[in-house]
Amino acid sequence: MIAGMKPDAAAGPGAEADGGAGRQWKRSKFGALGLGLVIAVIFPLVFTNATISNIAVQTVIFVAVASAWNIFSGYSGYLSLGHAIFFGTGAYAVGIIARDWQLNGASVFALLPLAGLIATAIAIPLGLIALRVRRHTFVVITIAFFFIAQLSASNLSITGGSSGLLAPVPNWSPDTFNDPFYYVGLVIAIGTIALSFLIRRSRFGLQLRAIRDDEDRAVGLGVRAMPVKLTAFAVSGFITAMAGGLWFYFLSQTFPQFAFDPLFDLAIVLMAFFGGLGTVAGPVLGALVLEPVQLYLNLRLTNDYLSEILLGVLFLVVILFMPRGVLPTAGEFITAQRARRAER
Amino acid sequence: MTTILRTDGIAKAFGGVQALSGCSIDVAEGSITGLIGPNGSGKTTLFNIITGYEKPDAGQIYLGGRQITGASPQRVFAAGIGRTFQLTRIFPRLTVLENMLVASQPRASQQGGSHGRRRLGNPLARSGGAADRDRAMYQLEFAGIAGHASALAGTLSYGQRKLLELAYVLIADPQIVLLDEPAGGINPSLIHLISDRIAELNAAGKTFLIVEHNMEFVMGLCQHITVLDYGSVVAAGPPQIIRDDPRVLDAYLGIGEDDDEPAA
Amino acid sequence: MARQILEAIADGILGGGVYALMAAGLTLIFGVLDIINIAQGILVVLGAYLSYVLSVHLHIDLFVGLAITIPVMFVIGVAIQWLFIRPLRGSERTSMTLLACYAVALIIEGILYWVFGPNFVSLNAWYTQPNASVKIFGFYVGDIYLFGFGLAVAAVVVLYWLLYRTTFGRAVRATMQDLTAARLIGIEVNRVAAITFGIGVAITAVGGMMYGATTGAFSPNSGYDLISRLLAIIILGGLGSVGGAMAAAIFMTTAEALVDIWQPNWAVAVFYLALILVLLFKPSGIFGRQAARAQ
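Residues numbered from 1 in each chain as written. Chains lettered and ligands numbered in written order. Predicted model: local features only at pLDDT ≥ 70, side-chain atom pairs only at ≥ 80, totals over all residues. Heavy atoms only, no water.

Moving on to the confidence of the model for chain A. Counting all residues, the mean pLDDT for chain A is 83, and 92% of those residues have values of 70 or more. Across residues 1-19 of chain A the pLDDT falls below 50, and counting only partners more than four positions away or on other chains, this stretch makes 35 contacts in the model. (pLDDT = per-residue confidence, 0-100. Contact = heavy atoms within 4.5 Å.)

On to the interface of chain C and chain A, then. Tallying the contact residues gives 43 residues for chain C and 38 residues for chain A. A buried area of about 3900 Å², summed over both sides, lies between chain C and chain A, and 79% of it is on carbon and sulfur atoms. At the junction of chain C and chain A, the tally comes to zero salt bridges. Run the count over chain C and chain A and you get one residue pair in polar contact (both at pLDDT 80 or more). (Buried area = accessible area lost by both parts, 1.4 Å probe. Salt bridge = Lys/Arg side-chain N within 4 Å of Asp/Glu carboxyl O. Polar contact = N/O pair within 3.5 Å; in protein donor to acceptor, adjacent residues only side chain to side chain.)

Each partner contributes residues to the interface: chain B has 35 residues there, and chain A has 32 residues. With both sides pooled, the region where chain B packs onto chain A buries about 3000 Å², and carbon together with sulfur makes up 55% of that total. Between chain B and chain A we count four salt bridges in total. Among the ionic pairs, B:Arg89 bridges to A:Asp214, the shortest N-O distance being 2.8 Å. Between the two partners, chain B and chain A, sit eight residue pairs in polar contact (both at pLDDT 80 or more). For the side of chain B that touches chain A, the secondary-structure elements that each account for two or more residues are α2 (73-79), α3 (96-103) and α5 (158-170) of chain B. (Helix = DSSP H or I, 4+ residues; strand = E, 2+ residues; numbered from the N terminus.)

All names here are of chain B. One open sheet accounts for six strands, arranged β7-β8-β9-β4-β10-β11; its pairing is mixed. Every interior strand has two partners, whereas the edge strands, β7 (81-83) and β11 (232-237), have only one. Going across the sheet, the axis of each strand differs from the next one's by a mean of 20 degrees, ignoring polarity. Pairing of strand β4 (residues 32-36) with strand β10 (residues 224-229) involves four bridges; the strand directions are parallel. Bridge pairing in β10 links Thr-33 to His-224. (Pairing = 2+ DSSP bridges. Axes fitted to C-alpha atoms, helices over the stretch in contact; angles between N-to-C directions.)

Another point: the nonpolar core. With 253 residues, the main nonpolar core has A:Ile61, A:Phe145, B:Leu140, B:Leu164 and B:Ile198 as its most contacted residues. Once you skip the residues sitting within four places of it in the chain, B:Leu140 turns out to touch B:Val96, B:Leu97, B:Met100, B:Ile145, B:Ala146, B:Ala149 and B:Leu164. (Core = buried A, V, L, I, M, F, W, Y, C linked by side-chain atoms within 4.5 Å. Buried < 20%, exposed > 50% of the residue type's maximum accessible area, 1.4 Å probe, protein only.)

Take unusual backbone geometry next. The phi dihedral of A:Ser252 is positive, around 70 degrees, even though this residue is not glycine. Position of A:Ser252 relative to the elements: it lies in the loop between α8 (225-251) and β2 (253-254). A positive phi is found at C:His59, a non-glycine position, where the angle reads about 55 degrees. Along the chain, C:His59 falls in the loop between α2 (40-57) and α3 (62-85).

This part is about the pairing of strand β1 (residues 3-14) of chain B. All names here are of chain B. By the bridge criterion, three bridges tie β1 to strand β3 (residues 26-28) in an arrangement that is antiparallel. Paired with Thr-3 across the two strands is Ala-28, which belongs to β3. The pairing of β1 with strand β5 (residues 58-63) spans five bridges and is classified as antiparallel. Bridged to Leu-5 within β5 is Leu-63. Here four bridges tie β1 to strand β2 (residues 17-23), and the two strands are oriented antiparallel to one another. Of the residues in β2, the one forming a bridge with Phe-14 is Val-17. Connecting the antiparallel pair β1 and β2 is a turn made up of two residues, with Gly-15 showing a positive phi of about 60 degrees.

This is how it looks when you write it as structure tokens:
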């Protein structure tokens with residue numbers, strides 16, 4: 001019987017059950033991380049093809065989004081199917097402010113944290129209402145709020161109504177046009193991953209995860225559920241909005257159904273599930289695998305419906321056969337193999 | 001004998017069912033008090049009310065002289081009452097050690113008044129400093145499950161979960177521990193272990209209030225027993241007296257003293 | 001003005017009946033299986049499309065066609081539950097069932113797009129024409145609504161009979177109240193779950209036909225709008241309460257019809273605002289039970 005099953009790439013507290021082997025595993029993990037970082041940084045310098053760098057930009061954006069979603073939903077167990085609210089808010093915030101203040105070029109990037117703050121300002125009242133109910137209802141409320149957001153974007157004149165918004169187009173060199181977007185996105189993604197890691201092993205993260213397992217019991221032991229959940233929700237929204245703003249600037253335009261897309265939430269949930277819900281590396285892996293696949297399919301398949309069907313099928317496959325996600329399932333598989341080898 | 005926990009005339013109804021009426025119990029400081037009674041007599045309801053999971057319709061609850069009636073579960077916990085559940089509640093996807101760390105939060109009563117109830121500190125600080133971990137491991141060793149510290153709590157057996165729940169309730173160093181059927185559904189050797197641990201802790205000064213159906217366990221461990229029937233106290237006293245009290249037999253079996261031995 | 005208001009109220013009540021039908025199935029599924037079937041919206045649309053096919057290609061009357069669409073949708077419902085929901089286990093079961101339903105919805109929507117394309121279609125019959133109406137109390141009530149009302153009454157009667165007068169219905173109600181106890185007394189909970197899901201979906205055959213007949217036109221995209229309204233309705237009415245769902249449906253559609261007089265663009269927001277207001281004061285919904293099950 002294996003004493004400790006670690007579903008998470010990041011080490012939890014407590015003694016390593018397998019002493020030396022554990023330390024070796026940790027060192028190789030650090031090595032892999034470092035390598036990954038280097039690859040990520042030099043990626044656009046090596047792959048200069050516009051299509052590839054295009055996919056890369058959107059991928060890092062979704063790495064950030066999936067990780068941010070996981071920080072809230074993965075750790076707390078409250079599934080939010082309304083994160084598109086933050087994404088769209090970020091997009092529109094950047095769009096409206098850039099338009100009204102006539103910004104262009106690199107200064108638009110400075111708007112991202114501002115977009116994040118606006119999203120946080122929305123997240124707090126939203127969270128105060130939505131986080132008081134049980135999980136079933138919470139999911140539904142997030143969906144309801146999502147539709148309100150989409151409706152608002154379509155009907156308010158400040159948002160350009162159903163024709164949407166245009167982003168300023170910076171006059172950077174066309175060869176490296178995608179690079180600034182990529183690096184900004186990379187910074188956000190790495191920051192989010194680091195934050196996710198820190199949260200997971202912190203007292204705050206412990207309380208979140210306790211809430212996920214048994215909220216009433218956690219509350220009975222002194223965990224202050226609402227502030228904890230709300231903080232995670234707000235942080236998650238902040239990051240998602242920044243990602244949305246970047247995405248909008250990169251794609252140069254948006255309109256209500258695009259910025260507030262019901263498929264958005266499903267996609268990031270799938271990414272987080274695919275890689276392993278509630279882990280640090282899981283959403284990253286999910287985004288790294290699924291976003292390029294999705295974009296590629298969108299390029300190749302002229303019919304939206306086929307990608308929709310595929311998304312749905314893929315989701316069912318993951319849920320039915322790898323419910324804990326690829327990483328944890330793979331981890332268990334490896335652990336089982338090690339046990340089998342040890343028994344011989 | 002100083003009373004550490006006292007309830008005074010607690011009444012509680014659920015719909016048409018009067019679960020508790022005029023329920024008044026006394027728990028002496030430093031004692032192991034048993035709370036027994038047939039199914040439906042209101043024992044778990046009383047626990048729920050004392051620990052804040054339910055609000056009483058009438059009556060008061062006093063902890064060491066202070067009224068705690070209607071306090072929320074977390075306030076009750078902070079005031080020094082720990083409690084386990086009939087259906088053991090642990091955090092299955094946290095490790096055993098992490099389960100302990102959730103409960104080991106700085107409580108208001110433990111910190112100096114000048115700190116106030118909230119110490120912000122660094123929210124991202126690693127959970128559980130060295131001191132917390134040491135205390136956690138100590139409790140886990142005491143409970144005999146320290147070897148599973150890194151295992152996910154969900155992989156523990158039923159008996160081990162009971163021990164874990166007891167351990168993490170103890171780590172908060174409560175004044176009084178309420179145990180809801182600690183001997184339920186586990187094998188005799190484990191029951192002995194739990195019984196010994198409780199006796200050990202009691203010798204060191206901890207008060208226990210135990211709901212149990214296992215009469216051998218109760219009679220062997222408790223110094224004082226309170227009997228509930230239909231939501232109020234029908235008898236209270238040391239085990240030898242309670243064992244032979246006709247009202248107790250009546251409560252359990254609905255018969256007078258001229259009938260068979262209670263199956264207990 | 002007064003006339004407009006009265007008309008809006010009448011529209012609201014009639015329209016509410018249709019939504020009540022659709023919502024009843026959803027809340028029934030929740031009550032028995034403890035899952036929120038997010039696919040219900042697109043299933044209603046599917047029901048509408050089935051009626052469409054029967055009507056346009058086989059010239060079968062909409063109401064008569066129900067004899068075919070109801071069993072078909074029932075089978076689809078059972079299949080969905082059996083294939084995708086029953087196998088789910090583990091601590092994340094509730095979340096995963098929700099997502100599984102969402103995935104199924106996506107697949108069905110994609111298939112509908114594939115087969116029918118993105119264009120709007122509508123259900124037509126002699127009784128859906130604007131001039132096919134009856135004058136009641138000085139208002140014109142469309143024939144379709146009258147028939148639909150009769151249909152809804154019939155549906156409620158059948159449902160009531162099923163739930164309260166048959167052994168199966170007893171089993172369903174037992175499972176609703178206590179899953180473990182139901183198992184213990186020999187109720188085949190899996191079978192009950194599958195059949196209940198099937199019934200919940202079969203109702204969408206009826207709801208779908210009514211929806212298609214009373215709404216101007218629909219397309220595969222209509223599912224989103226529908227499900228968001230239905231979700232708002234069942235939460236407002238209280239998860240698991242069929243009566244609550246019906247009351248909430250009528251209340252919300254009436255409110256929307258009223259707001260529509262002044263602000264057509266924002267009328268649908270009424271749904272969500274009502275939801276938020278109720279949740280602020282009574283998180284379990286107007287007729288909701290307290291959280292009986294652990295999360």
